[in-house]
Amino acid sequence: SSGHRSEQGLAFAPDGRLWETENGPRGGDELNLMKPGLNYGWPVVTHAINYPGTLIGEGLTQKEGLEEPRYYWNPIIAPAGLAFYKGNLFAQWKNSVLVGGLTGQAIFRLELGKDDKVVNEEALIADLKQRIRDVRVFNDGAVYALTDGANAKLLKLTPQ
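Predicted model, so just to flag it, every value in this text is computed and none were measured.

1. Quick look at the overall build of the chain
Across its full length, the chain holds 0 helices and 11 strands. Starting at the N terminus and walking to the C terminus, you meet the elements of the chain as β-β-β-β-β-β-β-β-β-β-β. The C-alpha atoms of the chain give a radius of gyration of 16 Å, which matches the 15 Å a tight globule of 160 residues would have. Out of the 160 residues belonging to the chain, those deemed buried represent 43%. Residue pairs at least 24 apart in sequence account for 49% of intrachain contacts in the chain once pairs closer than 6 positions are excluded. Of the roughly 8500 Å² that the chain leaves accessible, carbon and sulfur atoms contribute 50%. Taken together, the 17 basic and 19 acidic charged side chains of the chain have centroids lying 4 Å from each other.

What follows is the structure, encoded as structure tokens:
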């Protein structure tokens, strides 16, 4: 594929399809379903603007022949790690997408609808006010998150 700006996370869904997160400049962080040969649009289409506030290209958010993101964040969360929840500890999270947020300072749990579009977003552990560098799901169903910075921590999430 082509037309990517700054890929940050890659993960296979339970059905084997590859998903990706990427950072936009000011706005326009994306969640993409990756398919061979498709053009994901950067810098022709984006939901972002340049850092000084100017348009990127012609300011288009969609154009025929270019793939649109399955989801985008504006304002940004600076997505980092990416994982699909396949465990049993958090039954309500089954098949959710988990995205670490650096600027967002949370794990973002995304629920996908039948058309692979995000139908719900929930910020997890946001009260810690820590940049989340990576997120992983272990075989026991626990979610592990790695924070970022001088006092970085490895966190284990299990039900209370």
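And the narrative resumes.
2. What to know about the sheet that holds strand β8 (residues 118–124)
Adjacent strands of a sheet pair through backbone hydrogen bonds, lying either parallel or antiparallel. With antiparallel pairing, 4 strands are arranged side by side in an open sheet as β5-β6-β7-β8. Of all the strands in the sheet, just β5 (79–84) and β8 have a single pairing partner and so form its edges. Neighbouring strand axes in the sheet, compared pairwise and without regard to direction, differ in orientation by 25° on average. Direction of pairing for strand β7 (residues 106–112) relative to β8: antiparallel, over a ladder of 6 bridges. Across the sheet, L112 pairs through a bridge with V118, a residue of β8.

3. Focus on the sheet that holds strand β1 (residues 7–12)
On the basis of which strands lie adjacent, the open sheet formed by 4 strands has the order β1-β2-β3-β4 and antiparallel pairing. Both edges of this open sheet fall to β1 and β4 (71–73), since each of them pairs with a single strand only. Across the sheet, the axes of successive neighbouring strands diverge by a mean angle of 15°, strand direction being ignored.

4. Quick look at the pairing of strand β3 (residues 29–33)
The buried fraction of β3 amounts to 5 of the 5 residues, a majority that puts the element mostly inside the structure. Note: strand β2 (residues 18–22) against β3, 4 bridges, orientation antiparallel. Its bridge partner being in β3, E20 is matched across the sheet by N32. Linking β2 to β3, which pair antiparallel, is a turn of 6 residues; within it G27 sits at a positive phi near 90°.

What counts and how
- For every chain, the first residue of the written sequence is number 1, and numbering continues from 1 onward in sequence order.
- For this predicted model, a pLDDT threshold of at least 70 governs which residues receive local features, and a threshold of 80 or more governs which side-chain atom pairs are given and counted, while totals over whole chains, interfaces and linings are taken from all residues.
- The basis for the side-chain values is all heavy atoms of the structure; hydrogens and waters are excluded.
- Helix numbers and strand numbers start at the N terminus; a helix is a DSSP run of H or I with at least 4 residues, a strand a run of E with at least 2.
- Radius of gyration: over C-alpha atoms. The globule rule applied is 2.2 Å multiplied by the number of residues raised to the 0.38 power.
- Note on classification: 1.4 Å probe, protein chains only; a residue is buried when its accessible area is under 20% of the maximum for its type, exposed when over 50%, partly exposed between these limits.
- Whether two residues touch is decided by their heavy atoms; if any such pair falls within 4.5 Å, the residues are in contact.
- Areas reported as accessible are Shrake-Rupley estimates using a 1.4 Å probe. Residue values count occlusion only from the protein chains shown.
- Asp and Glu are treated as the negative residues and Lys and Arg as the positive ones, with His and the ends of the chain left uncounted.
- Charge coordinates come from a single atom per side chain, which is NZ of Lys, CZ of Arg, CG of Asp or CD of Glu.
- Two strands pair under a simple rule: DSSP has to find at least two bridges between them.
- Only the stretch in contact is used when fitting a helix axis, every axis being a line fitted to C-alpha atoms; angles between N-to-C directions are given from 0 to 180 degrees.

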